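# Chains, contacts and geometry: an overview
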Amino acid sequence: DAWKRNRKLVLDFYNQRRRQLATVQPNAAHLALARLEEKFHVQIITQNVDNLHERAGSTNILHLHGELTKARSSIDENLVYDIRYKDILPGDKCKKGAQLRPHIVWFGEAVPNIMVAGALTQKADILLVIGTSLVVYPAAGLMNYAPSSIPKYYIDPNAAKSVYINNLTVIKEKAGIGVPALVEKLLSV
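Residues numbered from 1 in each chain as written. Predicted model: local features only at pLDDT ≥ 70, side-chain atom pairs only at ≥ 80, totals over all residues. Heavy atoms only, no water.

### Thoughts on the pattern of salt bridges
Where charged atoms of side chains with opposite charge meet at close range, the side chains can pair. Summed over the entire model, instances satisfying the criterion amount to eight salt bridges. With its nearest N and O atoms 2.9 Å apart, the salt bridge here joins D12 to K8. One end of the pair is D12 and the other is K8, both in helix 2 (residues 7–21) and four residues apart, which spans about a single turn. When its relative accessible area of 29% is taken as the criterion, D12 is described as partly exposed. Here E184 makes a salt bridge to R35, at a shortest N to O gap of 2.3 Å. A residue pair is termed long-range when its members are at least 10 positions apart, and E184 in helix 6 (residues 175–187) and R35 in helix 3 (residues 28–35) qualify at 149 residues. Several salt bridges share partner residues, and in doing so they unite R35, E38 and E184 into one network. (Salt bridge = Lys/Arg side-chain N within 4 Å of Asp/Glu carboxyl O. Helix = DSSP H or I, 4+ residues; strand = E, 2+ residues; numbered from the N terminus. Buried < 20%, exposed > 50% of the residue type's maximum accessible area, 1.4 Å probe, protein only.)

### Structural notes on the nonpolar core
Of all hydrophobic cores here, the largest spans 16 residues; its most connected members are Y14, I88 and W106. Elements with a contribution of two residues or more to this core: helix 2, strand 3 (66–73) and strand 5 (100–104). Among the elements that line this core, the one with the most residues is helix 2, at four residues. Those residues in contact with Y14 that sit more than four places away from it in its chain are L68, P102, I104 and W106. (Core = buried A, V, L, I, M, F, W, Y, C linked by side-chain atoms within 4.5 Å. Contact = heavy atoms within 4.5 Å.)

### Some words on the sheet that holds strand 8 (residues 168–171)
With respect to topology, three strands assemble into an open sheet ordered 6-7-8, the strand pairing being parallel. Every other strand in the sheet has two partners, leaving strand 6 (127–130) and strand 8 as the edge strands with one partner each. Put simply, the sheet's adjacent strands are angled 15 degrees from each other on average, direction ignored. With four bridges connecting them, strand 6 and strand 7 (residues 152–155) associate as parallel partners. When the bridges of strand 7 are listed, L127 appears paired with K152. Helix 6 rests against strand 6, strand 7 and strand 8 of the sheet, and its axis sits at about 155 degrees to strand 7. (Pairing = 2+ DSSP bridges. Axes fitted to C-alpha atoms, helices over the stretch in contact; angles between N-to-C directions.)

Note that all results are geometric; they support no functional claim without further evidence.
Laid out in structure tokens, this is it:
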């Protein structure tokens, strides 16, 4: 709705987020997940719109809610452009002549990669769920797609108490502490 009412305001908001992203670095959790690729085939499914997993060195990332460093056509969601940290301005157009918008899934829009995420989760040998309340759907339901027999780890300092999933280990830590510790354990096996 905001895009329809005030495109400049929406573009300014995301331009500020993109500029901010250019100033931050991956944290210990991002770096630890990238290290898992030394021993495992790792597929990251993220709700985050930043590029910190890529910058940490992870190679297989599925962005559920879009990517801040990309723009897309406002009339054709398949026309996506890598803009890195550049602003999107009113009047910036796609090759079809329509205004560019952030490549972000907004409230009320479909999550185009959710089916892919479900299929990937069904094939998992180990599942790590990190830094989420498990309240926002459809992503919150992905844990239910994992085979019941595999080990699952839920890392969050405020981990939901009402999660009843087979083979689930809850680690009540911030990602920067819990993920590196778990990664060390997994790499030592």
